[in-house]
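# Topology and contacts: notes
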Amino acid sequence: MTHWAEIAGEDIAAMSRPVEVRYGRGGFGATLTLLTTGANAPILEMQKEKLREKVNAVYGYNAISKVRITQTASTGFSEGQVSFDHRPKGVRDDTPAAILPEAQHVAGGVQDDGLRAALERLATNVYSKTQNRT
C-alpha cells in the first residue's frame, strides 16, 4: 500500500488513502480501511468493488475481501485535517563532509549527469556504511 497512487489510480488516490489492513480471525480475506472526506465517500462507495479488484491484482490473490470507507472532516477538527496529496520524498543531506569528495572522485569520469549523480549517491551510501562499521 506504499504505492497507493499506482495501485488505485491518480483519481482515487487524490481523494483517499489507505489507513489499515485488518485480517479477521480466519486468516484469509482482510478488510482494507480507506480514509476520505465526507464529500468523496459516496464516490468511493460506488467504486469499492473495482478498487478491491485492483488491490487484489497487485497482491496476486484474493487478499482483500472487504473495503471499508472511513470519513473525516477536511477542516475543523485537528484529527480531521487530512492531506491526500502524495508528496515526493525529500532528499536528506546528512552525509559527512569527508565522504562527499571521495564519492565525487569515484564518479568523476562519467559524462552523463544523471548517471554521475546516481553513482555519487551510491558511493556516498557505500562509504558511509563502511565508515560506520569501523
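Below or above, wherever it landed, is the structure these notes cover. Since we're looking at a predicted model, the values are computed, not measured. (Residues numbered from 1 in each chain as written. Predicted model: local features only at pLDDT ≥ 70, side-chain atom pairs only at ≥ 80, totals over all residues. Heavy atoms only, no water.)

### Considerations on the overall build of the protein chain
The criterion, for reference: Put simply, DSSP H or I for four residues or longer makes a helix, DSSP E for two residues or longer makes a strand, and each gets a number counted from the N terminus. Note on exposure labels: buried denotes an accessible area under 20% of the residue type's maximum, exposed denotes more than 50%, and partly exposed covers the range between, all computed with a 1.4 Å probe on protein chains only.
Within the protein chain one finds 6 helices and 3 strands. Helices and strands appear in the protein chain in the N-to-C order α-α-β-β-α-α-β-α-α. With 134 residues in all, the protein chain has 28% of them scored as buried.

### So, the pattern of salt bridges
When the charged atoms of two side chains lie near each other, side chains of opposite charge can form a pair. Selection criterion: Just to be clear on terms, a salt bridge is a Lys or Arg side-chain nitrogen sitting within 4 Å of an Asp or Glu carboxyl oxygen.
Summed over all chains, the structure comprises 4 salt bridges. Salt-bridge contacts for Lys48 lead to Glu45; the nearest nitrogen and oxygen are separated by 2.9 Å. For Glu45, a relative accessible area of 41% translates into the label partly exposed. A salt bridge links Asp113 to Arg116; its shortest N-O distance comes to 2.5 Å. Of the two residues, Asp113 and Arg116 are both situated in helix α6 (residues 113-133); the distance of 3 residues between them amounts to about one turn of the helix. Classification of Asp113 by relative accessible area gives exposed; the value is 53%.

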